[in-house]
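# Structural description and commentary
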Amino acid sequence: MEKRYDPKNFEDRLYREWEETGCFKAVRDDKKVPFTIVMPPPNITGQLHMGHAMDDTMQDTVIRFKRMQGYCALWLPGTDHASIATEAKIVREMAEEGLTKEQLGREGFLKRAWEWKDKYERRICTQIKKLGSSCDWSRLTFTMDEKCSRAVREVFVNLYNKNLIYRGDRIINWCPTCRTALSDAEVEYAEENGNLWHIKYPVEGTDVSLVVATTRPETMFGDTAVAVNPADARYKKYIGKNVVLPAVGRVIPIVGDEHADMEFGTGVVKITPAHDPNDFEVGQRHNLPVVKVMNEDGSMNGNAGKYAGLDRYECRKLLLKELEESGALVKVQPHAHNVGHCYRCNSTVEPMVSKQWFVKMQPLARPAINAVMDKKVTFVPERFAKTYYNWMENVKDWCISRQLWWGHRIPVWYCSDCGAEICEKTDPKVCPSCGSARIKQDEDVLDTWFSSALWPFSTLGYPEDTSDLEYFYPTDVLVCGYDIIFFWVSRMIFSGLEHMRKIPFRDVLMHGLVRDDKGRKMSKSLGNGVDPLEVIDKYGADSLRFSLLQGVAPGNDTRYSDAKVEACSNFMNKIWNASRFVITGAEGVKVLPVGEVKLSSADKWIISRLQSVIKDVTITMNKFELGVACQIMYDFMWSDFCDWYIELSKPALYGEDETKKQAVISVLVYVLENSLKLLHPFIPFITDEIYRSVPGTQGTIMLAEFPRYNSKLAYKKDAAAFGGVMETIKAVRAVKTDLDCPPSRKVHIYFATEQKRLISANKDSILKLAGAKEITFVSSPAEAGEKTVAKVLSVGTLFIPMGDLVDIEKERERLNRELAEVTAEISRADGKLQNAGFVSKAPKKLVDEERAKLNKYIEMREEILKRIENL
RNA sequence: GGGAGCUUAGCUCAGUUGGGAGAGCAACUGCCCUACAAGCAGUGGGUCACAGGUUCGAGCCCUGUAGCUCCCACCA
């Protein structure tokens, strides 16, 4: 082994080896139980960020754990075409070259997009590999691959035939920059400070006016009514009359509708069915015409009269000026309101009537809700089920058509002759109704999430009835951020149920956002993003992985900081050095199974600790509490194994007794080997690199069996007894420090104890670790000499003669401190035992324990009091 | 308007069937003892946001309050 821990020496090499020897490959094996994770496919828009690093680390940790446990573990990787996001990026890149989509044409643009895909997919996969991700690359899937496209086609046609997909004129969210429709989920709302403009609409044939309040005056060209609440005493007399649209002169009716809120604004609301979802509904109720006033790019159309061609905001400005001059604008009231923005380009979204394709959600939502209710699908942590219900129960129809080129083209053809709409599983050549060859495919593509929704089964071969699909589906756990529950998780659930008749996964393990060290969201605009590759380059992948897992509870946001990675890198260094100690120590020694050597009490203690760690790590991993599992391993490795056991092993290791030496080395190797296996899912590189040097191991640790709890090695009693030895060592160290005794100065320990056998058996360890030169058993304090410092322990009382080094006052202080501590313990325990309720209702075991503690403390107090007196 | 989460040591956070408050970093003291100074030993530091309640017993369960964060819906 290299003397220094340097991840650069082995991370890439090991990954290559794993990949080349097929360690990641999952092949159906009917002797094994499958365990499947499909990777949330990263967008091919750019590169990975810390969120991906965390996502992939969690998945890799789970899949490696399961693989070692003997499951046929499949982690299926892929990438997403990310229709709107990618197209926007490519368009931007083209713009820099002075090119437009129109110039290239559909074919040319798509060619360019596929080139982009190749480049970025390759880059992303390289990044995923750097992290150590053990995914089966032979199954790498892209959402626009042939097989995914076939699944999309199958699903679309099936839904179409079931009337669950329909085309219609509805209010949708329109992004004027991306020039496409968006689904409700793709709109983000942000509060903006705007105005409520109060505008006079004269009532036809009278000299009175109704004043309407609006935040978007430019839409008034599309007003086809004004509404008042029928219960509104102020206005109900006007219902049925007309008003004249200012600046337009068009006459529109006054209708009575509940939608008008008497409390808000003036109580009179303009109705613009083409540009507001509520107005659209009012329009339907009153049979109002729908007048669109905007073009696709957000400019005003011919209905805006002289403002036609102007940008919507420019129009607003000029129109307001005109209204002000004519006296129609009576009031401007500042008003904060929520405005929808495109989740990709952040432009203000315009609600607009448009002919689009929709998925009818109600019939799909119900089974999807039930699957979670019935615990067929479980969210971890559970609270996210509520978020899911909330959305699912109120979901509206899903707008799936996008006016883009990059994506799955909608598989519907229109006959120019008879007007038929053709939706079949194979591309039609002629119109099946009239035989005309003049048929044309819909120009639009599908929402990216339409194909993502099929991911758990499209990747496994659907619609073919493949062996993989039968074996690996339903998948086991889906790992992703809570921010895509609506976009993705919910849609996979209803899609799985609808098309596979089975849930797509059993558990959904959620994680939060990775924020920067100040708790801010990492974003390009803030420039506070951290590139995982740079971190890996500096500290190694294992340190990054550990830092992303440690101290993170499922579903919670976490902060990234270099300091944290550095702390983890120290842990790697610790593991490295401890391993080097064990492995060098084992050179030339025949290592035996721990069952075949005579074990010291220290040996039994560490083996016992290991057993409980195995148990706890397995339990927490099965509950997906990766952060807790990390902590358990960290504490065991650093404190128990390194700080205690390795130090305890040294007397035997450096001693003359060859049998003892062989025994202690056997234990060191046993504990190290098992610790490496326990740690491997979290930090795969360093554990495998060390594993190769551990005596008696073969091949890669990746394929080794995950440690199993062995009750025969639990040694509960021995481990508890050994606590007395540790207590003794700690006590001597503390006394020495308290009295400013230099660590190098060896002290003589006099020990009044019943546990002579235990102490004698561990004498060498105590002397070494406590910095002592001798232990003498005594039956009375006097035997230890006149001036001694005493320390009362649960196993007995220690006396240390300190000669002139002892400061009497300091010692008195120390004893008084101890007295106070013990007295507090007594009153705590006594209080509990005095409590009749506790004694009668608490478990007997607990009461007995408490009683034993109390007795011990009382003894200790007496000892301390005696000591104080003797001073 | 509806929902969720958070509030624990100076900082960042764990703490999952209720049974003596934890880690990392920071701080203080002392140590280069042949795995590791990226280290070791020791120390200090918390009315677990606040107020009630349930219980023999509450950081944990219930109710309410305050502050912060997020999600959904949305009054033009």
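With that settled, consider the overall build of chain A. The secondary structure content of chain A amounts to 26 helices and 29 strands. For chain A, whose C-alpha radius of gyration is 37 Å, the value lies well above the compact-globule estimate of 29 Å for 871 residues. Principal axes of the C-alpha set define a box for chain A whose edges measure 120 × 65 × 55 Å. Taking all 871 residues of chain A together, 55% fall into the buried category. On chain A, roughly 38700 Å² of surface is accessible, and the fraction owed to carbon and sulfur atoms is 48%.

It is worth spelling out the sheet that holds strand β22 (residues 475–481) at this point. A sheet is described by the order of its strands in space; here three strands give the open sequence β15-β23-β22, paired in parallel fashion. The open sheet is flanked by β15 (378–380) and β22, the only strands paired with a single partner. Sheet twist, expressed as the average angle between the axes of neighbouring strands with direction ignored, equals 20 degrees. Bridge count for β15 against strand β23 (residues 505–511) is three bridges, and the pairing is parallel. The residue of β23 that forms the bridge with Phe379 is Val508. Packing of helix α2 (residues 50–68) onto the sheet brings it into contact with β22 and β23, and relative to β22 it is tilted by some 160 degrees.

Another aspect to go through is the sheet that holds strand β20 (residues 439–441). With antiparallel pairing, three strands are arranged side by side in an open sheet as β19-β18-β20. Each edge of the open sheet carries a strand with a single partner, namely β19 (421–422) and β20. Summarising the sheet, strand β18 (residues 413–415) and β19 pair through two bridges and their orientation is antiparallel. Bridging from a neighbouring strand, Tyr414 pairs with Glu421 of β19.

In this section: the protein's contact with RNA strand B. The environment of RNA strand B is made up of 56 residues, and the closest members are Asn278, Glu625, Glu825, Asn835 and Lys841. A share of 54% of the atoms of RNA strand B within 4 Å of the protein falls on sugar and phosphate groups. Within the side chain of Lys386, an N or O atom sits 2.9 Å from a phosphate oxygen of RNA strand B. Contact between RNA strand B and Arg733: a sugar or linking oxygen at 3.4 Å from a side-chain N or O atom of the residue.

With their axes 7 Å apart at the nearest point, helix α15 (residues 541–549) and helix α20 (residues 684–691) run at an angle of 130 degrees to one another. With respect to their mutual orientation, α15 and α20 come out oblique. Listed contacts from α20 to Ala541, Asp542 and Arg545 of α15 are Pro684, Phe685 and Ile686. Partitioned by chemical class, the residues of the contact of α15 with α20 number four nonpolar, no polar and two charged.

Put simply, helix α8 (residues 362–373) and helix α13 (residues 485–500) touch, their axes get as near as 9 Å, and they point 105 degrees apart. With respect to α13, the axis of α8 lies roughly perpendicular. The segment α8 lies against α13, with Leu364, Pro367, Ala368, Ala371 and Val372 engaging Ile493, Phe494, Leu497 and Glu498. Within the contact of α8 with α13, the residues separate by chemical class into eight nonpolar, no polar and one charged.

To continue, consider the environment of Asp643. Looking at the secondary structure, you find Asp643 in helix α18 (residues 626–653). Separated by 150 residues in sequence, Asp643 and Leu793 have C-alpha atoms that sit 22 Å apart. Setting aside anything within four residues of it in sequence, one finds Asp643 in contact with Lys574 and Trp638.

Once that is clear, we can look at the confidence of the model for chain A. Summarising the model, chain A shows a mean pLDDT of 93, and 99% of its residues fall at 70 or more. This prediction of the complex comes with two scores: 0.94 for pTM and 0.96 for ipTM.

We now examine the environment of Pro246. Tracing the backbone shows Pro246 in the loop between β10 (242–244) and β11 (251–256). By relative accessible area, which is 10% here, Pro246 ends up buried. Considered as a pair, Pro246 and Arg153 are 93 residues apart in the sequence and their alpha carbons are 50 Å apart. Setting aside residues no more than four positions away along its own chain, Pro246 makes contact with Ile199, Lys200, Tyr201, Met220, Leu323 and Ala328.

As a further point, take the packing of aromatic side chains. According to the stated counting rule, one finds 37 aromatic pairs in the structure shown. Ring geometry for Phe156 against Trp357: centres 5.9 Å apart, planes inclined by 70 degrees, an arrangement best described as edge-to-face. One end of the pair, Phe156, is in helix α5 (residues 146–161); the other, Trp357, is in strand β14 (residues 350–359), with 201 residues separating them in the sequence. For the pair Phe156 and Trp357, one class covers both residues: buried. Ring geometry for Phe379 and Tyr388: centres 5.4 Å apart, planes at 45 degrees, overall tilted. Given a relative accessible area of 3%, Phe379 falls into the buried group.

Extensive coverage of strand β26 (residues 747–753) is indicated by the burial of six of its seven residues. With five bridges connecting them, β26 and strand β27 (residues 772–777) associate as parallel partners. Counted as the bridge partner of Ile749 is Ile775 from β27. Relative to strand β29 (residues 796–801), β26 runs antiparallel, the two being bridged by four bridges. Among the inter-strand pairings, Thr753 is bridged to a residue of β29, identified as Gly796.

Conventions adopted
Residues numbered from 1 in each chain as written. Chains lettered and ligands numbered in written order. Predicted model: local features only at pLDDT ≥ 70, side-chain atom pairs only at ≥ 80, totals over all residues. Heavy atoms only, no water. Helix = DSSP H or I, 4+ residues; strand = E, 2+ residues; numbered from the N terminus. Rg over C-alpha atoms; globule rule 2.2 N^0.38 Å. Buried < 20%, exposed > 50% of the residue type's maximum accessible area, 1.4 Å probe, protein only. Areas by Shrake-Rupley, 256 points an atom, 1.4 Å probe, with all protein chains shown as cover. Pairing = 2+ DSSP bridges. Axes fitted to C-alpha atoms, helices over the stretch in contact; angles between N-to-C directions. Contact = heavy atoms within 4.5 Å. Near = heavy atom within 4 Å. Polar contact = N/O pair within 3.5 Å; in protein donor to acceptor, adjacent residues only side chain to side chain. Parallel < 35°, antiparallel > 145°, perpendicular 65-115°, else oblique. Nonpolar A, V, L, I, M, F, W, Y, C, P; charged D, E, K, R; others polar. pLDDT = per-residue confidence, 0-100. Phe/Tyr/Trp six-rings, centres within 6.5 Å; stacked < 30°, edge-to-face > 60°.

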